[in-house]
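Overview (structure and organization)
Chain residues, written in single-letter form:
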Amino acid sequence: MKHWLSERLPIDFDRLRSLTNEPVPGHLKRWWFALGGTAAYLFFVQLGTGLLLLFFYVAEPGRAFDSVREISSAVPFGWWIRSLHKWSASGMIVALCLHTLRVFFTDAYRKPRELTWVVGCLLLFATLGAGLSGYSLVYEQLSYWGATVTSNLVGALPLFGGWLARLIRGGEEVGPATLTRFFVLHIAVLPAMILLLVAVHIALVRIHGISELRFRDQENEPRTFPFLPDHLLTELAIALTIMTLLNVLAVIFPAQLGERANPLQTPEHIRPEWYFYFAFRWLKLTTLRIGVIGTVLAAVLMVLWPAVDGGLRRLSPRRELSPLLGVAAVLVVVMLTIWEAVS
Amino acid sequence: MGLSLAASYGTAFAFALRFLFPRQRLARRRRVYVARTNELPEGGSRELVDLEGLPLVLLRAGGDLIALSTVCTHLGCRVRWSAREERFLCPCHNAAFDRSGAVLSGPPPRALSRYEVAVEAGNIYLEMKERSA
Ligand code: HEM
Ligand code: FES
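The model shown is predicted, which means the values in this text are computed figures rather than measured ones.

Cut-offs used in this document
- Residues numbered from 1 in each chain as written.
- Chains lettered and ligands numbered in written order.
- Predicted model: local features only at pLDDT ≥ 70, side-chain atom pairs only at ≥ 80, totals over all residues.
- Heavy atoms only, no water.
- Helix = DSSP H or I, 4+ residues; strand = E, 2+ residues; numbered from the N terminus.
- Rg over C-alpha atoms; globule rule 2.2 N^0.38 Å.
- Buried < 20%, exposed > 50% of the residue type's maximum accessible area, 1.4 Å probe, protein only.
- Arc of directions from axis to C-beta.
- Contact = heavy atoms within 4.5 Å.
- Phe/Tyr/Trp six-rings, centres within 6.5 Å; stacked < 30°, edge-to-face > 60°.
- Lys NZ or Arg CZ within 6 Å of the ring centre and 35° of its normal.
- Pairing = 2+ DSSP bridges.
- Axes fitted to C-alpha atoms, helices over the stretch in contact; angles between N-to-C directions.
- Donors = N, O, S within 2.8 Å, 3.2 Å for Na, K, Ca; no water.
- Tetrahedral: all angles 85-135°; square planar, octahedral: opposite > 155°, others 65-115°.
- Core = buried A, V, L, I, M, F, W, Y, C linked by side-chain atoms within 4.5 Å.
- Parallel < 35°, antiparallel > 145°, perpendicular 65-115°, else oblique.
- Left-handed = near helix turned anticlockwise from the far one by under 90°.
- Near = heavy atom within 4 Å.
- Polar contact = N/O pair within 3.5 Å; in protein donor to acceptor, adjacent residues only side chain to side chain.
- Nonpolar A, V, L, I, M, F, W, Y, C, P; charged D, E, K, R; others polar.
- Buried area = accessible area lost by both parts, 1.4 Å probe.
- Salt bridge = Lys/Arg side-chain N within 4 Å of Asp/Glu carboxyl O.
- Disulfide = S-S within 2.5 Å.

1. Quick notes on the overall build of chain B
The number of helices and strands found in chain B is one helix and 11 strands. If you list the helices and strands of chain B from N to C, you get α-β-β-β-β-β-β-β-β-β-β-β. Here chain B has a C-alpha radius of gyration of 21 Å; the compact-globule value for 133 residues is 14 Å, and the former is much larger. Based on the C-alpha atoms only, the size of chain B along its principal axes is roughly 75 × 40 × 15 Å.

2. Focus: helix α4 (residues 64-73) of chain A
All names here are of chain A. Taken together, the buried positions of α4 are Ala 64, Phe 65, Ser 67, Val 68 and Ile 71. The buried residues of α4 occupy an angular sector of 165° when the element is viewed end-on, so they sit on one face. Summarising the contacts, the buried residues of α4 are in contact with α3 (35-54), α5 (78-105), α6 (114-137) and α9 (176-208).

3. Some thoughts on the packing of aromatic side chains
Within the structure shown, the criterion is met by 16 aromatic pairs over all chains. Each ring, one from Tyr 139 of chain A and one from Tyr 144 of chain A, has its centre 5.6 Å from the other, and the planes form 80°; the classification is edge-to-face. As far as burial versus exposure is concerned, Tyr 139 of chain A and Tyr 144 of chain A are alike and both buried. Ring geometry for Trp 163 of chain A against Phe 21 of chain B: centres 5.2 Å apart, planes inclined by 40°, an arrangement best described as tilted. Pair noted here: Trp 163 of chain A is in helix α8 (residues 161-169) and Phe 21 of chain B is in the loop between α1 (2-20) and β1 (29-36), and the two residues belong to different chains. Note on Trp 163 of chain A: relative accessible area 41%, which makes it partly exposed. The ring of Tyr 125 of chain B carries Arg 31 of chain B above its face, with NZ or CZ at 5.9 Å from the centroid.

4. Considerations on the sheet that holds strand β6 (residues 87-90) of chain B
All names here are of chain B. Reading across the sheet, the four strands line up as β5-β6-β7-β8 and stay open at both edges, with antiparallel pairing between neighbours. Of all the strands in the sheet, the pair left with one neighbour each is β5 (80-82) and β8 (103-105). Averaged over neighbouring strand pairs, the angle between their axes works out to 40° when direction is ignored. One ladder, built from three bridges, connects β5 with β6; its direction is antiparallel. In the sheet register, Trp 81 faces β6, and the bridge partner there is Phe 88.

5. Regarding unusual backbone geometry
With an omega of 5°, the peptide bond between Lys 111 of chain A and Pro 112 of chain A qualifies as cis. Within the secondary structure, Pro 112 of chain A is located in the loop between α5 and α6. One non-glycine residue with positive phi stands out, namely Asn 94 of chain B, at about 60°.

6. Section: the coordination of the iron atom of ligand 1
Residues and elements named next belong to chain A. Every protein donor of the iron atom of ligand 1 is accounted for by His 85 (NE2) and His 186 (NE2), and the metal-donor separations fall at 2.0 Å. Geometry at the iron atom of ligand 1 is octahedral, judged from the six donor atoms that bind it and their angles of 86 to 179° at the metal. Taken as a pair, His 85 in helix α5 and His 186 in helix α9 lie far apart in primary sequence, 101 residues in all. Just as His 85 is buried, His 186 falls in that class too.

7. As for the nonpolar core
The biggest cluster of nonpolar side chains holds 37 residues, and the ones touching the most others in it are Tyr 57 and Tyr 139 of chain A together with Val 79, Phe 88, Cys 90 and Phe 97 of chain B. Ranked by the residues each element gives to this core, the list is headed by α4 of chain A, at four residues. In contact with Tyr 139 of chain A, not counting residues within four places along its chain, are Pro 61, Ala 64, Phe 65, Tyr 144, Leu 179, Glu 259, Arg 260 and Ala 261 of chain A. Ala 34, Ile 194, Leu 197 and Val 198 of chain A belong to the second largest nonpolar core, which has 19 residues in total.

8. Brief notes about the packing of α5 of chain A against helix α10 (residues 227-252) of chain A
Each pair of packed helices can be summarised by the angle the axes make with each other and by the distance between the axes. Residues and elements named next belong to chain A. Across the interface, α5 lies against α10 with an axial gap of 9 Å and an inter-helix angle of 120°. By the angle between their directions, the pair α5 and α10 is classed as oblique. The chirality of how α5 crosses α10 is right-handed. Between α5 and α10, the contacting residues are Trp 79, Trp 80, Ser 83, Leu 84, Trp 87 and Ser 88 on the first element and Met 243, Leu 246, Asn 247, Leu 249, Ala 250 and Val 251 on the second.

9. Digging into the site of ligand 1
Residues and elements named next belong to chain A. If you check the shell around ligand 1, you find 23 residues, and the closest are Gln 46, Arg 82, His 85, Lys 86 and His 186. Arg 82 has a polar side-chain atom sitting 2.6 Å from an oxygen atom of ligand 1. For the shell around ligand 1, the secondary-structure elements that each account for two or more residues are α3, α5, α6 and α9. Of the residues forming the shell around ligand 1, the biggest block, seven residues, is contributed by α3. Taken together, the residues of the shell around ligand 1 sort by class into 15 nonpolar, six polar and two charged.

10. Some details on the interface of chain B and chain A
Facing the 20 residues of chain B at the interface are 26 residues of chain A. When residues of chain B are sorted by the area they lose upon contact with chain A, Phe 21, Leu 75 and Arg 80 of chain B head the list and together hold 28% of the total. In this structure, the connection of chain B to chain A is made through one salt bridge. Two residues, Arg 80 of chain B and Glu 268 of chain A, come together in a salt bridge whose shortest N-O distance is 3.5 Å. Linking chain B to chain A there are five residue pairs in polar contact (both at pLDDT 80 or more). Per-class residue counts for the side of chain B that touches chain A are 12 nonpolar, six polar and two charged.

11. Looking at the state of the cysteines
All names here are of chain B. Within the structure shown, the criterion is met by one disulfide over all chains. The disulfide partner of Cys 77 is Cys 92, and the gap between their sulfur atoms is 1.9 Å. Where Cys 77 bonds to Cys 92 through sulfur, the torsion about that S-S bond is close to -85°, and the disulfide is left-handed. Here Cys 77 is found in the loop between β4 (64-69) and β5, whereas its partner Cys 92 is found in the loop between β6 and β7 (95-97), with 15 residues between them in sequence. Using a relative accessible area of 0% as the deciding quantity, one classes Cys 92 as buried.

Right, dumping it as structure tokens:
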């Protein structure tokens, strides 16, 4: 049997094992350094639950809302699948933000890991896009107007904005074709993109090795531990904790359904999902042009931060400016978010 | 060799792009009857939907008939008339427009757009684009 298999599948399992079993630095025993893995795990939860939702969801303006209501109220455990999908989306964004912060404040984006940072930023953006496009599928008032505002925001981008907006809307205005396009983005384009980016991201992490940090209480421990089985067990323990947490949240706060989308009337009180509060508040504070250009600049600055950081370090070799600016940026985003949340 | 590869893949790509982009026909304009003048007394208004499915409001203010699109010029939410504050309010990013559509406050870059109004023999007509589909 073994012989039969190895003839048809000529893989050297010992080599494969030594290839995949990379030594992991000691600090990854601490869960907050394994947040990238947490996000990846949640992404697979999204793939699983999303695939299930597809069995009942109908991407047609006249029926989308009813199909989601059906999922939530009639399909056995539909509310559970939908709630897991929703909470796991939020969790994925939380994990990615925390992961970004930890990478930033431990300087792990510096040479030679600049490209890993760039790919990571793209992953964050793609995930925010998945959250937005996914929410628009529900076709309730808030999600419909959120999608409208966003597609018009895309249209206000300099240079290729109008072109891009027509592409994602399927027309000059948000219309019946728009839901189909957001659907395709949500269930095919973005997940495929994320999968690809995750592969590149992880390949880069493996090539450079995880940047090492030593803690005082770890001085007597070996510097690294094996990926298999030790780190896999850490990840599995984290996964179990998260699954429990998601289930508790899904049961106590199941995904709700608002009013059906009405293209003729924007509701009195409108607000995006929490992860876009900061952008929403920012758009209220600025003119359209500054609002759009500011957002684009912030995103570009973030992606190119390794280069900016290099420049800063040449300018001021003694004092580290990056952490200060990082704290400032985090404070701005957190403040805008809180402002929107309490207003 | 390189040239022909580029040409054939390029053509396929161009067709795919063409497939993805909505047809942009030159929208034809049409004049549409919407109301009789005596149905709109001073201060009166009427909510309508144009041929493209976009909402608008026809109102008489200071003797003039004005037809304003209620699509906010900021990011496309629907503004609504607040009788109490005597202005159009946009719920999305707190914009306000006056009765004539001019921006009073908030982020919108320009006034609400207007439809051309024509009155003939007591009938009110609006100039609007045909649905482009
Ligand atoms: C990148 C990861 C993903 C994120 C962040 C994400 C996020 C979301 C969000 C926030 C919603 C709205 C939930 C609600 O309010 O009910 C949603 C809905 C939906 N998603 Fe995803 N999603 C992801 C991946 C996927 C994948 C891979 C699929 C399909 C294979 C999928 C299929 C769906 C469907 C069918 C809906 C509409 C039904 C519903 O809202 O219950 N999603 N998604
Ligand atoms: S869409 Fe009206 S203020 Fe932003």
